[in-house]
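Observations on chain architecture
Listed below, chain by chain, are the residues.
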Amino acid sequence: MTAGVVILGASHAGVQCAAALRESGYLGSITLVDVQKDHPYQRPPLSKGFMTGAASAESLCLRGEVFYDAENIDLRLGVQVERIVRDEHKVLLSDGQVLAYETLVIATGSRARPFLEDCAVENVYTLRTLRDAEAIRAAAETTEGPVVIVGGGYVGLELAATFRTHFQRIVHVVEAAPRLLMRAASPALSALVAAKHQEAGTVVHAGRCVTGLEQVNGAVSGVVMQDGEVLPAGLVIKGVGILPNQELAAMAGLDCQDGILVDQYCRTSDSSIFAIGDCCRFPEAFSGRLVRLECVQNAHDQARTVASVISGKAQPYTAVPWFWSDQLGMKLQTAGRWEDGMTCAVRDESEKGKMSFFHFSYSGQLCAVETVNHPALHILSRRMILSGVFPEISQVENVDFDLKRLLA
Ligand SMILES: Cc1cc2nc3c(=O)[nH]c(=O)nc-3n(C[C@H](O)[C@H](O)[C@H](O)COP(=O)(O)OP(=O)(O)OC[C@H]3O[C@@H](n4cnc5c(N)ncnc54)[C@H](O)[C@@H]3O)c2cc1C
């Protein structure tokens, strides 16, 4: 048996890569290594169904345990990859073992961005892993007083919704940027989401910074704002973004720039090493820009791209990005990527509980569609963006115009 493929990180990207390799007929050895001991699981439910108790830990498994044996994939859990030795095509593991590779796939993902690390008090959490989610759920039952979420991104807002409606807590969301979802969503969607959270009783502090924490007997008691105000808090969740896990790659001399740099085949600056998922920065087919995405779609589609290259049927990565979030009874879905400066057309079907925002570039290209409670339009939008068949703004705004006709 040859050295085969070694995949670092067994989460959405790594597991999908192993599966896609087998689906594409790859017969060589596949070794999948992850520092976590838990069987590889889905992360999105951690801030959604798992937090409310609607989804069990078992239901989160990415693949059933039999999958790895059945597909002859050597899954090694609880082992950290400590070094990549490129000139010997080897990786060194924390248990002293050495793995030889013919092709290496780095799928090491991301970690919570450190924030207020010098304030070591109890009942302050970040959410990235199943263990984090379990700890937060337990703290929801054992703590009292307001919950303060630091960071108004998607994960923070999903938690705010759960703490408000499921645990019936007083909730504050503090966001340093002037509006919620500043990085990921348009001002239109952001305003709609903020209004929903406020209606639900959450206090939104946009454009305000947190500078410290107060404590009583070692447990958090307040969140200190830059202007000196202290928000009382019995539980604090820090959700101020993530950092790509690129250190192994950087130490091995691979090019990195807030993410491991790859080409349209997810190949790094070393032709036998690929990087996929949250940890990489790649040239986006539509805009030509170097971007780093943090979503399951990107992890899965890049995994398939790498499998296609390794199995000799190389397909470049050209997928339309998409993302979803569930909060306060809203299904938020985004197809494509919104950027500041785009023209927004609104399809207002609010009497049916639906709303959509279409975003066009300066040249009239449809770049992103944000839908609220409209999965069918989300799917159609992905097809429109991919096919290059775009509606006129007047067609978007006319809810009687059947957008499906454009692709017929
Ligand atoms: C709470 C939460 C909710 C989310 N909700 C959504 C959502 O609704 N929709 C959506 O599209 N996306 C969502 N995301 C984002 C999505 O989960 C990520 O984009 C996705 O997990 C990326 O997959 P990945 O495999 O690239 O990285 P990760 O999931 O970060 O996995 C990387 C793996 O590599 C391992 N690893 C790292 N370094 C080493 C090492 N040195 N040795 C061994 N193992 C290592 C880690 O233990 C980890 O298991 C959410 C994320 C979180 C945390």
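Reading guide: rules and limits
- Residues numbered from 1 in each chain as written.
- Predicted model: local features only at pLDDT ≥ 70, side-chain atom pairs only at ≥ 80, totals over all residues.
- Heavy atoms only, no water.
- Helix = DSSP H or I, 4+ residues; strand = E, 2+ residues; numbered from the N terminus.
- Rg over C-alpha atoms; globule rule 2.2 N^0.38 Å.
- Buried < 20%, exposed > 50% of the residue type's maximum accessible area, 1.4 Å probe, protein only.
- Areas by Shrake-Rupley, 256 points an atom, 1.4 Å probe, with all protein chains shown as cover.
- Lys, Arg positive; Asp, Glu negative; His and termini not counted.
- Charge placed at Lys NZ, Arg CZ, Asp CG, Glu CD.
- Pairing = 2+ DSSP bridges.
- Near = heavy atom within 4 Å.
- Polar contact = N/O pair within 3.5 Å; in protein donor to acceptor, adjacent residues only side chain to side chain.
- Nonpolar A, V, L, I, M, F, W, Y, C, P; charged D, E, K, R; others polar.
- Domains from an automatic or database assignment.
- Contact = heavy atoms within 4.5 Å.
- Buried area = accessible area lost by both parts, 1.4 Å probe.
- Salt bridge = Lys/Arg side-chain N within 4 Å of Asp/Glu carboxyl O.

With respect to the overall build of the protein
What the protein contains, in helices and strands, is 10 helices and 26 strands. Radius of gyration (C-alpha) of the protein: 22 Å, near the 22 Å computed for a compact globule of 408 residues. Across its three principal directions, the C-alpha atoms of the protein cover 65 × 60 × 35 Å. A total of 408 residues make up the protein; the buried ones form 52% of that total. With an accessible surface of roughly 17,800 Å², the protein has 50% of that area assigned to carbon and sulfur atoms. Between the centroid of the 36 positive side chains of the protein and the centroid of its 46 negative side chains there is a distance of 4 Å.

So, the sheet that holds strand β20 (residues 280-283)
Taking strand neighbours across the sheet as the criterion, the three strands line up as β18-β20-β21 in an open arrangement whose pairing is mixed. Strand pairing shows two members of the sheet lacking a second neighbour, β18 (260-261) and β21 (290-291), which therefore form its edges. Taken together, the two bridges between β18 and β20 define a ladder with parallel strand orientation. Bridging across to β20, I260 finds its partner in C280.

Quick look at the site of the ligand
Inspection of the region around the ligand gives 30 residues, with S11, D34, R43, K48 and D278 positioned closest. The separation between an oxygen atom of the ligand and a polar side-chain atom of D278 is 2.8 Å. Contact with the protein chains removes 94% of the 1,000 Å² of surface that the ligand exposes when unbound. Classifying every residue of the shell around the ligand gives 14 nonpolar, 10 polar and six charged. Formed jointly, the shell around the ligand draws a minimum of three residues from each of two domains, domain 1 (5-111 + 243-310) and domain 2 (114-240).

A word on the domain arrangement of the protein
Here the protein is partitioned into domain 1 (5-111 + 243-310), domain 2 (114-240) and domain 3 (329-407). For domain 2 versus domain 3, the distance between C-alpha centres works out to 31 Å. Listed by partner, the interface residues are 13 residues for domain 2 and 10 residues for domain 3. Where domain 2 abuts domain 3, roughly 830 Å² becomes buried across the two surfaces, and 79% of that area is made up of carbon and sulfur atoms. It is S186, L189 and L192 in domain 2 that bury the most area against domain 3; as a group they hold 48% of the surface buried on that side. In this assembly, domain 2 and domain 3 are joined by zero salt bridges. Taken together, domain 2 and domain 3 are joined by two residue pairs in polar contact (both at pLDDT 80 or more).

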